Amino acid sequence: MDTAAVLNIVTKASCLASTNGMTPMIAHKTVHPISDHEEVAYVLQKICTDCTTVVDWALKIGLFTEPREGSSMASSVSDSNGVFFIPAFSVFGVRDITAGSSFIGIKKSTRKEHLIRALFESLVYRIALLYVSALKEIEAQNLEEFTKIKVDGTVSQIDFICQMLADTAGLPVERSDTADASALGAVFLAGINLGFFRNKPEVTRIRKVDKTFAPNPNNKLKLLRNMRCWEEVVEKFKEMDKDQAEKPFGYSDNISAMEFSRLVLGENCARGKETTHEVPEMNDRAKTV
């Protein structure tokens, strides 16, 4: 979770095609320094941008002075007080080039903490949609299910986001003690290829975990309801800038919070009364910034 949020399903030696919008890619290639045996590992990958971009923007306009402070401020309120944020600084934020980045639902009782919480929540919801793609892929191809989510990058240093992701996905979120894991991975692969490390298990033992965020099942239904509201708000803003750019064909995740509920909670719970909600129509009192 840095410039972009990238979700990978490790498929090991199998290069699999996807029917759920994920891209097969080579994760890494190693060559044994003595036997010259080549090993290639693959992943299925999906990406969304506007992670660090959103956080950097919040820093520039003075919502908080550093990410950890923002995390504390977001956690200091129980909810966003009905405020939602649409993270659409780039086409891959909400997958629509005509969308406009906005706060919606601001009222007289809105405080800075509510804005920060809404901003961080929007990033988690966007990452959750990546997770939906992964769940659908696992279901379709009978792949090994996730037991945890490993995160790294600048945005992963925000405790609020990691905890909310754990609560939404219902899985432990394990944060690396190294923010720039991409650079560390390159060092590890170079070390294996040059013979400094004997094998990948030896490298795995070097990696250290900074913190593990355990999911709180009591928060899941509330978060999924809020996620559905956020999705409906996003839809209202998807053609905000349609006069400036034509909407490209195919830029749609084709994924909804209802689908997320079905995959995470099961069909009956996803359609049950406990997850229903009402989203009021935006009126003249709804303000955007």
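Since the structure is predicted, the reported quantities are computational estimates derived from the model, not experimental observations.

What counts, and at which threshold
Residues numbered from 1 in each chain as written. Predicted model: local features only at pLDDT ≥ 70, side-chain atom pairs only at ≥ 80, totals over all residues. Heavy atoms only, no water. Pairing = 2+ DSSP bridges. Helix = DSSP H or I, 4+ residues; strand = E, 2+ residues; numbered from the N terminus. Axes fitted to C-alpha atoms, helices over the stretch in contact; angles between N-to-C directions. Phe/Tyr/Trp six-rings, centres within 6.5 Å; stacked < 30°, edge-to-face > 60°. Buried < 20%, exposed > 50% of the residue type's maximum accessible area, 1.4 Å probe, protein only. pLDDT = per-residue confidence, 0-100. Contact = heavy atoms within 4.5 Å. Core = buried A, V, L, I, M, F, W, Y, C linked by side-chain atoms within 4.5 Å. Salt bridge = Lys/Arg side-chain N within 4 Å of Asp/Glu carboxyl O. Expected span 1.5 Å × (residues − 1). Parallel < 35°, antiparallel > 145°, perpendicular 65-115°, else oblique. Nonpolar A, V, L, I, M, F, W, Y, C, P; charged D, E, K, R; others polar.

Let's shift gears to the sheet that holds strand 1 (residues 4-12). One open sheet holds the three strands; their spatial order is 1-3-2, and the pairing between them is antiparallel. Each having just a single partner strand, strand 1 and strand 2 (23-31) make up the two edges of the open sheet. Strand-to-strand twist of the sheet, defined as the mean angle between neighbouring strand axes without regard to direction, takes the value 35°. Two elements, strand 2 and strand 3 (residues 38-49), share eight bridges in a ladder whose sense is antiparallel.

Quick look at the packing of aromatic side chains now. Enumeration according to the criterion identifies eight aromatic pairs in this entry. Centre to centre, the rings of W57 and F85 are 5.9 Å apart; their planes meet at 20°, and the pair counts as stacked. Here F85 lies in strand 4 (residues 84-86) and W57 lies in helix 1 (residues 52-60), a separation of 28 residues in the sequence. According to the relative accessible area criterion, W57 is partly exposed, its value standing at 27%. Ring geometry for Y125 versus W230: centroids 5.5 Å apart, planes at 45°, classification tilted. In this pair, Y125 is assigned in helix 3 (residues 112-141) and W230 in helix 7 (residues 220-236), connecting sequence segments 105 residues apart. Taken individually, Y125 and W230 each receive the classification buried, so the pair is uniform in this respect. Three or more aromatic residues link up through ring pairs in this structure, and these residues are W57, F85 and F103.

The share of residues in the protein with pLDDT of 70 or more is 77%, and the mean pLDDT across the chain is 80. Note on residues 244-254: pLDDT under 50 across the span, and 17 contacts to partners over four residues away in sequence or across chains. Per-residue pLDDT stays below 50 along residues 273-289; that stretch engages in 33 contacts with residues further than four places along the chain or on separate chains.

A few words now on the sheet that holds strand 8 (residues 209-213). Within the open sheet, the three strands sit side by side as 6-7-8. Their pairing is mixed. Since the sheet does not close on itself, it has two edges, and those belong to strand 6 (149-151) and strand 8, each with one partner. Adjacent strand axes in the sheet meet at a mean angle of 20°, parallel and antiparallel pairs treated alike. Sheet analysis places strand 6 next to strand 7 (residues 173-176), joined by three bridges and oriented parallel.

Moving on, we come to the nonpolar core. Ranked by size, the top nonpolar core spans 61 residues in total, and within it F64, F103, L119, F120, I149, I161 and V173 carry the most contacts. Here this core takes 16 residues from helix 3, the largest share from any one element.

Right, let's get into the pattern of salt bridges. Counted according to the given criterion, the structure contains eight salt bridges. Residue R175 is joined to D210 by a salt bridge in which the shortest nitrogen-to-oxygen separation is 2.9 Å. In this pair, R175 is assigned in strand 7 and D210 in strand 8, connecting sequence segments 35 residues apart. With a relative accessible area of 2%, R175 lands in the buried category. Connected via shared salt-bridge partners are D159, R175, D210 and K211.

This next bit is on the pairing of strand 3. Judged from the eight bridges that link them, strand 1 and strand 3 form a sheet pairing that is antiparallel. Note that in strand 3 the partner of N8 across the bridge is Q45.

An ideal rise of 1.5 Å per residue puts 24 Å on 17 residues; helix 7 measures up with 25 Å between its terminal C-alpha atoms. All of the buried residues along helix 7 are K220, L223, L224, M227, R228, C229, W230, E231, V233 and V234.

For K12, which is not glycine, the phi torsion reads 60° and is therefore positive. Of note, K12 is situated in strand 1. Here K12 falls in the exposed class, since its relative accessible area comes to 58%. Phi is positive for N81, close to 60°, though the residue is something other than glycine. Inspection of the secondary structure assignment puts N81 in the loop between helix 2 (67-75) and strand 4.

In a pair of packed helices, the angle between the axes and the distance between the axes together describe the arrangement. Contact pair helix 1 / helix 3: the axes reach a minimum separation of 10 Å and the direction vectors enclose 170°. Between helix 1 and helix 3, the crossing angle belongs to the class labelled roughly antiparallel. Contacts from V54, V55, W57 and A58 in helix 1 reach L119, F120 and L123 in helix 3. Tallied by class, the residues present in the contact of helix 1 with helix 3 amount to seven nonpolar, no polar and no charged.

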